[in-house]
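Overview (structure and organization)
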Amino acid sequence: MESHERLLPLPRATVQAVTSASRWAVACVMLTELFERAAFFGISDNMQIFCELKCFPAKYHDPLKFTWIFSGFAYAMNIFGGWLADTALRRFSTILSSLLVYTAGTLFLVGSAQACDDTNDEDNTVPALYVTGLCLVVLGTGGSQSNLGLYGAEQFRDTGDESEQERKVHRYFLWYYWCRNFGSVIAYTLVTYYLYQTDHHVYGYAGISVAVTLAAIFFWSGYKRYRQEPQKEQLFKILIGIVSNRAETTQQSRNVSRMRDQSYSTSVDSSNEDRDLLRWLDRAKRSKGGRYPDEEVDDIKQLLSILGIFLTMLVYFTLYSQMSTTYLIQSRYLRLPELDKDDFFYSTIVVSLINPVSILLMVPLMDMVVYPCLSKSGWRPTYLQRMGVGMFLSMLSVTAAGAVEVYRGKVHHQGSVFHQNISGQVYNATDLSVFIQVPQFFLSGVSEIMAVVTGFHFAYTQAPRRMKGTVMGLFLLMFGLGSYLSIGIASAFNITVEGIGSPRRLNINLNNSHAERFLFFLAGLMFLDLGLFWVLARRYKYKTYLTKAKDFERSTSCSSPRDYGSTNQGFTSIQ
């Protein structure tokens with residue numbers, strides 16, 4: 001039989017006070033996310049053009065790899081930020097200190113932009129300042145992004161019963177992702193304009209620095225309304241100990257441990273034991289003669305199960321990274337709308353906005369129409385079902401991009417070619433409207449809502465209490481590893497498909513490469529990955545870990561969290 005933690009109802013006045021404080025706290029978190037993402041995308045999405053300026057030495061003129069490496073490191077640092085908040089610092093301190101480091105990094109970027117404006121020749125000072133700033137930005141985004149989303153979700157504790165909290169958290173992550181993409185719209189428009197359409201690049205990076213500063217101010221302003229987490233445990237020490245199973249030395253201690261965990265062991269659902277691929281870890285349980293509490297062992301098993309799901313998303317994030325690289329490069333070789341007769345730079349901004357704008361439009365539609373209709377019909381797709389749909393849509397997106405490239409190549413070889421000037425660089429573009437890319441960008445945007453937004457929700461609800469930051473960091477780590485995997489897959493593609501030294505190898509000149517083969521190759525890889533995801537999803541056992549009121553503090557006097565007094569375990573199964 002499975003135990004369910006029943007939360008006693010709070011007085012209505014207390015719930016209203018908690019809800020009011022939570023709204024302010026969540027508003028601060030979302031504004032922080034909006035400005036932080038405006039800064040991050042302002043850096044990453046404009047890196048391709050900035051690094052090709054004359055003030056940078058020629059070795060930096062490789063926009064694809066430079067962007068992939070930066071994005072990879074930025075997301076990879078999330079695992080460190082999540083671990084730090086889970087084991088050493090409070091989550092508030094981790095986020096705020098990370099934002100301050102982030103701000104310092106943007107000041108170095110401002111210095112590099114100023115140095116670039118002051119010279120027309122190569123200057124080694126520019127890349128030195130720029131790379132130093134990027135390293136600090138990587139540290140800052142790692143500590144903030146792994147904790148900010150779940151920190152906002154935790155503000156909904158005690159704002160109703162369990163189902164009400166679940167509904168609010170679900171809506172929160174939808175609009176949290178909406179803020180992320182609104183920040184990217186700011187980056188694509190205002191930041192990009194001031195970076196490249198004025199004579200002073202320093203203005204654009206000054207705006208980025210201001211955005212991060214505002215993010216830190218907004219986050220700090222909600223301090224008195226946030227719920228804080230006092231409890232810290234050595235997560236990885238527990239993980240290593242359980243896996244190595246350093247057993248107790250005496251029979252007496254084993255007997256005491258079995259009695260101590262007897263109530264927990266009898267409450268765990270054993271109906272799906274045959275589907276448990278991690279049964280070998282049970283030997284570390286006290287009830288089985290090990291030295292660790294049964295609940296801690298089950299938490300580690302849950303962590304490893306979640307990690308297996310996340311690893312299958314590596315290919316998804318590899319496809320996701322194409323949107324800011326291969327897709328945008330493809331748009332330069334198509335006819336852009338003539339917003340500026342002398343330079344098509346504004347037109348590239350319009351293309352870049354297709355994806356985030358589609359998300360800005362789809363989030364309200366999903367929140368107010370699609371999900372309510374599904375709920376009324378009695379069908380609520382599980383987290384993994386939604387994530388699977390998102391992965392399938394990403395496969396359709398790269399397939400559509402490959403089809404566009406095949407058609408573009410055919411039209412190009414027929415002689416429909418013209419010269420297109422984008423920020424001083426002339427491209428031999430194909431006389432084919434860039435809006436033929438709309439389906440691939442739109443499909444990618446919808447796939448983000450299904451896969452990434454649900455992934456945030458999945459990471460938050462399925463993570464054991466002591467591991468929430470680490471699990472969120474693991475999820476964001478997949479973003480970074482996906483960027484690195486893009487480089488590896490592109491290199492493997494060039495060697496195995498095109499051949500070493502082939503003049504048609506994948507490169508930024510699409511007229512001299514078989515980019516469509518690469519895109520179809522990614523689609524096939526995603527198809528195989530979906531099969532593995534389906535197998536793991538069928539075996540996955542859902543759990544929702546409830547954080548008890550006594551595990552949190554609120555630093556305002558408007559409410560007082562109650563100890564519900566339950567001695568049962570802190571998780572239930574999703575039915």
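By convention here, each chain's residues receive numbers from 1 onward along its written sequence. pLDDT decides what is reported in this predicted model: residues at 70 or higher carry local features, side-chain atom pairs at 80 or more are listed and counted, and totals for whole chains, interfaces and linings draw on all residues regardless. Neither water nor hydrogens contribute to the side-chain values; these are computed over all heavy atoms in the structure.

**Quick word on the overall build of the chain**
Each helix is a run of H or I in the DSSP string that is no shorter than four residues. Each strand is a run of E no shorter than two, and both are numbered from the N terminus. Each helix and strand counted, the chain has 20 helices and seven strands in total. The buried share of the chain, reckoned over its 575 residues, is 58%. Using the Shrake-Rupley algorithm and a 1.4 Å probe, accessible areas are obtained, with residue cover drawn only from the displayed protein chains. On the chain, roughly 24,000 Å² of surface is accessible, and the fraction owed to carbon and sulfur atoms is 60%. Buried means the residue's accessible area, taken with a 1.4 Å probe over protein chains only, is under 20% of the maximum for its type, while exposed means over 50%, and partly exposed covers the values in between.

**Some remarks on the pairing of strand 4 (residues 425–433)**
Bridge count for strand 2 (residues 334–335) against strand 4 is two bridges, and the pairing is parallel. Note that in strand 4 the partner of L334 across the bridge is T430. Summarising the sheet, strand 3 (residues 417–422) and strand 4 pair through six bridges and their orientation is antiparallel. Looking across to strand 4, one finds that I422 is bridged to Q425. Two strands form a pair only when DSSP identifies at least two bridges running between them.

**Examining the side chain of E448**
Note that E448 resides in helix 18 (residues 438–462). For the buried residue E448, which engages in no salt bridge, the nearest side chain bearing the opposite charge is R180, 7.0 Å off. A polar side-chain atom of E448 sits 2.3 Å from a polar atom in the side chain of Y177. In what follows, residue pairs with any heavy atoms lying within 4.5 Å of each other are defined as contacts. Those residues in contact with E448 that lie beyond four places of it in its chain are Y177, N181, Y316, Y320, M323, N355, I359 and V453. Neither His nor the chain termini are counted; the positive set is Lys and Arg, and the negative set is Asp and Glu. Salt bridges, as used here, are contacts in which a Lys or Arg side-chain nitrogen is within 4 Å of a carboxyl oxygen on Asp or Glu. N or O atoms within 3.5 Å of each other form a polar contact, as long as, within protein, one can give a hydrogen and the other can take it, and as long as residues adjacent in sequence are counted only when both atoms are side-chain atoms.

**Remarks on the pattern of salt bridges**
Per the counting criterion, the structure on display carries six salt bridges. A salt bridge links E36 to R37; the shortest N-O distance between them is 2.6 Å. Considered together, E36 and R37 belong to a single accessibility category, that of buried residues.

**Regarding the nonpolar core**
One finds Y130, F173 and F458 to be the most contacted residues of the largest nonpolar core, which totals 136 residues. Not counting the four nearest positions on each side in its chain, F173 is found in contact with G149, A153, V453, F456, H457, Y460 and M472. To form a nonpolar core, buried Ala, Val, Leu, Ile, Met, Phe, Trp, Tyr and Cys residues must be joined to one another through side-chain atoms within 4.5 Å. Residues V185, Y188, L353 and L360 belong to the second largest nonpolar core, which totals five residues.

**Notes on helix 20 (residues 515–539)**
A helix is expected to reach a length of 1.5 Å times the quantity of its residues less one. Across its 25 residues, helix 20 extends 37 Å between first and last C-alpha, which sits within 8% of the 36 Å expected from 1.5 Å per residue. Within helix 20 the residues assigned to the buried category are A515, E516, F518, L519, L522, A523, M526, D529, L530 and F533.

**Some words on the sheet that holds strand 3**
Taken in spatial order, the three strands make up an open sheet running 2-4-3, and their pairing is mixed. The sheet terminates laterally at strand 2 and strand 3, the two strands that pair on one side only. To get an axis, a line is fitted to the C-alpha atoms, and for a helix only the part in contact is used. The angle between two axes follows their N-to-C directions and goes from 0 to 180 degrees. Sheet strands touched by helix 17 (residues 383–413): strand 2, strand 3 and strand 4. Its angle to strand 4, the strand with the most contacts, is close to 105°.

**Some words on the packing of helix 13 (residues 314–321) against helix 18**
Packing of helix 13 against helix 18 leaves a shortest axis separation of 12 Å and a crossing angle of 145°. Crossing geometry of helix 13 relative to helix 18 is assigned as left-handed. Where helix 13 abuts helix 18, its residues Y316, F317 and Y320 lie against S447, E448, A451 and V452. Residues were grouped as follows: Ala, Val, Leu, Ile, Met, Phe, Trp, Tyr, Cys and Pro as nonpolar; Asp, Glu, Lys and Arg as charged; and all remaining residues, including Gly, as polar. Across the contact of helix 13 with helix 18, the residue classes tally to five nonpolar, one polar and one charged. Handedness of a helix crossing follows the sense of rotation of the near helix relative to the far helix, less than a right angle counterclockwise being left-handed and clockwise being right-handed.

**Remarks on a nonpolar patch on the surface**
Among the surface-exposed residues, V350, F435, V438 and F442 lie close enough to one another that they form a single nonpolar patch of about 300 Å² accessible area. Mapped onto the fold, V350 is located in helix 15 (residues 345–352). V350 sits in the partly exposed class, given a relative accessible area of 32%. Patches in this entry comprise residues that are over 30% relatively accessible and not in a salt bridge; like charges within 9 Å are linked, as are nonpolar side chains (Val, Leu, Ile, Met, Phe, Trp, Tyr) within 5 Å.

**Remarks on the packing of aromatic side chains**
Pairing of aromatic side chains requires ring centres within 6.5 Å, counting the rings of Phe and Tyr and the six-membered ring of Trp. Pairs whose planes differ by under 30 degrees are stacked, by over 60 edge-to-face, and all others tilted. Under the criterion given, the structure shown has 38 aromatic pairs. Note that R37 overlies the ring of F40, its terminal NZ or CZ placed 4.3 Å from the centroid. The criterion for a charge sitting over a ring is simple: Lys NZ or Arg CZ within 6 Å of the ring centre, and within 35 degrees of the ring normal. In this arrangement the basic side chain of R37 is found over the ring face of F41, its NZ or CZ atom lying 5.5 Å from the centre.

**Considerations on the environment of L328**
Within the secondary structure, L328 sits in helix 14 (residues 326–332). A relative accessible area of 12% places L328 in the buried class. Along the sequence, L328 and Q437 sit 109 residues apart, while their C-alpha atoms lie 9.7 Å from each other. Dropping the residues within four chain positions of it, L328 is found in contact with M323, S352 and F441.

**Digging into the packing of helix 12 (residues 294–312) against helix 18**
As a packed pair, helix 12 and helix 18 sit with axes 11 Å apart at the nearest point and diverge in direction by 170°. Between helix 12 and helix 18, the angle falls in the class roughly antiparallel. Together, Q302, I306, I309 and F310 of helix 12 and F458, A459 and Q462 of helix 18 make up the contact between the two elements. In what follows, roughly perpendicular refers to angles from 65 to 115 degrees, roughly parallel to angles under 35, roughly antiparallel to angles over 145, and oblique to any angle outside these ranges.

**Quick word on the environment of G143**
Here G143 is to be found in helix 6 (residues 125–153). Relative accessible area serves as the criterion here: at 5%, G143 is assigned to the buried category. Expressed as a C-alpha distance, the spacing of G143 and A85, which sit 58 residues apart in the sequence, is 8.2 Å. When sequence neighbours within four positions are dropped, the list of residues in contact with G143 reads G81, T94, I95 and S98.

**Focus on the environment of K301**
For K301, the location among the structural elements is in helix 12. Of the residues examined, K301 reaches a relative accessible area of 9% and is grouped as buried.

**Points about the side chain of R332**
As for its placement among the helices and strands, R332 is situated in helix 14. For R332, a relative accessible area of 14% translates into the label buried. Of note is the side chain of R332, whose polar atom sits 3.1 Å from the side chain of Y427. In contact with R332, other than residues within four places in its own chain, are Q48, I49, Q420, I422, Y427 and A429.

**What about the confidence of the model for the chain?**
One confidence number per residue, pLDDT, is output by the predictor and ranges from 0 to 100. Looking at the chain, pLDDT values average 76 and 74% of them are 70 or higher. When the elements of the chain are averaged for pLDDT, strand 7 (residues 571–572) gives the smallest value, 30, and helix 17 the largest, 93. Contacts of residues 1–18 to residues separated by more than four positions or lying in other chains number 40 contacts, the stretch itself having pLDDT below 50.

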